[in-house]
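Results of the structural survey
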Amino acid sequence: MDEDITLNPENNSNSVLERQREEMTRTREVETRGQQQMQMQSAVGVKCPHCGTINDSEAAYCASCGNPIGKVACPNCGAELDPDADFCESCRRYIKSDICSFCGARLASNDAFCPECGSPRGGIVCPVCHTLNDFSFCKQCGTALTEDARQLMERVHEMPEFKELQKLASSLQQLEQSIPYTSERDLLKDQRNIKLRERVLTLLAEDRGIAHPVIPESENKRMSKEEYNAKKKERLEQIAAILDKMVQKPQPKPAQVRNYAMACRPQGVRLAWECNFKHALHSSPCGCAKPQLGGKWLILGKDVKKEIKDDL
């Protein structure tokens, strides 16, 4: 008759210990194999997360698919950046020493000026607000700083959609300068002022010999708060619709997107740049690390809940 281990505590304990030792041995073997695989992969190269190709350990881009493999450090502040970023959003510095920040052309290490656009490597001081800039348009006031930028702005400003955009922006700016009336008393006062204006202009015309003068309506006619809000909402929606049509698509060179977006920025309306990189808001594309992915201008207001990342 076989011995019942349930009646023999010593044999039962030995069996449990044996199983535990076997499990620990298997675990160590798995860990050892995993470490060996990692060491082999590190010695051979780095695996691309996009296509699986093994690249050199120091490679920033995959030799097969061209996608970035890992992060790099900002040469100025050490912040972690994507390999294809040309601007550090931490220290707000342009970081590509071999690419012109103004036009995107290649630079040699000894080039003090870009061989294509002639812009200086150290940046340009804006003649209007005296801000030092690494890009073709002033990040503070939007002034075109290079001849290429000025020509681009002239071409953009001749586009029908931009003309309509600027017209609406000017109309919005004029509307915001008006003061709507909020009470019956304000309305009556405004009506009296209109009649007084018409009376004065009529008397002046009659003094010049005009018997029945035609008095034009005042452009500064006040409106109710409800009418003011409705007109402002309409203007904002019209501007937003045009901005959506002028969205900046991805381009090979970051400079192309920055320059075109800045040339498309209308005057008279508060805007922020929403990048496609992180869908963050910037004061302009000049503050985005990867504007080559595209983006668009958004109207700042109650419908935009995000905060601007950079306050230039």
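Reading the values: the criteria
Residues numbered from 1 in each chain as written. Predicted model: local features only at pLDDT ≥ 70, side-chain atom pairs only at ≥ 80, totals over all residues. Heavy atoms only, no water. Helix = DSSP H or I, 4+ residues; strand = E, 2+ residues; numbered from the N terminus. Buried < 20%, exposed > 50% of the residue type's maximum accessible area, 1.4 Å probe, protein only. Contact = heavy atoms within 4.5 Å. Areas by Shrake-Rupley, 256 points an atom, 1.4 Å probe, with all protein chains shown as cover. Pairing = 2+ DSSP bridges. Axes fitted to C-alpha atoms, helices over the stretch in contact; angles between N-to-C directions. Core = buried A, V, L, I, M, F, W, Y, C linked by side-chain atoms within 4.5 Å. 1 Å grid on protein atoms, 1.4 Å probe; cavity = no way out; pocket = protein on both sides within 12 Å on 5 of 7 lines; lining within 4 Å. Points joined across faces, edges and corners; volume = space filled by probe spheres on them. Nonpolar A, V, L, I, M, F, W, Y, C, P; charged D, E, K, R; others polar. Salt bridge = Lys/Arg side-chain N within 4 Å of Asp/Glu carboxyl O.

1. So, the overall build of the protein
- The helix and strand inventory of the protein stands at six helices and eleven strands.
- Here the protein, with 312 residues, has 32% of them falling under the buried criterion.
- Counting only contacts in the protein whose residues sit at least 6 apart along the sequence, the fraction spanning at least 24 positions is 45%.
- Per element, the accessible surface of the protein, about 20,400 Å² overall, is 50% carbon and sulfur.

2. Here's the deal with the sheet that holds strand E11 (residues 295–299)
- Ordered by their spatial adjacency, three strands build an open sheet running E10-E9-E11, and the pairing between neighbours is antiparallel. Only two strands of the sheet have a single partner each, and these edge strands are strand E10 (281–282) and E11.
- Examined bridge by bridge, strand E9 (residues 271–275) and E11 share five bridges and lie antiparallel to one another. Across the sheet, Leu 271 pairs through a bridge with Ile 299, a residue of E11.
- Helix H5 (residues 225–245) contacts E9 and E11 of the sheet and is inclined by roughly 175 degrees relative to E11.

3. Some details on the nonpolar core
- Among the nonpolar cores identified, the biggest contains 32 residues, and Val 156, Leu 165, Ile 239, Leu 243 and Trp 297 are the most heavily contacted of them.
- If you list the elements that add at least two residues to this core, you get helix H2 (147–157), helix H3 (160–176), H5, helix H6 (254–263), E9 and E11.
- Sequence-distant contacts of Leu 165, defined by excluding residues within four places in its chain, comprise Ile 239, Ile 242, Leu 243, Met 246, Cys 264 and Pro 266.
- Membership of the second largest hydrophobic core comes to ten residues, among which are Cys 100, Leu 107, Cys 114 and Cys 126.

4. So, empty space enclosed by the protein
- In total, this model carries one cavity of 30 Å³ or more according to the counting rule given.
- Taken as a whole, the largest cavity encloses approximately 30 Å³ of empty space.
- Together, Leu 243, Met 246, Gln 248, Cys 264 and Trp 297 line the largest cavity.
- The class makeup of the residues in the lining of the largest cavity is four nonpolar, one polar and no charged.

5. Remarks on the pattern of salt bridges
- Following the criterion strictly, the structure yields eleven salt bridges and no others.
- The salt bridge involving Asp 98 is made with Arg 106; its shortest N-O contact spans 2.9 Å.
- With relative accessibility at 31%, the residue Asp 98 sits in the partly exposed group.
- Between Glu 158 and Lys 163 there is a salt bridge whose closest N-O contact spans 3.5 Å.
- Using a relative accessible area of 54% as the deciding quantity, one classes Glu 158 as exposed.
- Assessed through its relative accessible area of 46%, Lys 163 is described here as partly exposed.
- Shared partners join several salt bridges into a network, and the residues in it are Lys 71, Asp 82, Asp 84 and Lys 290.

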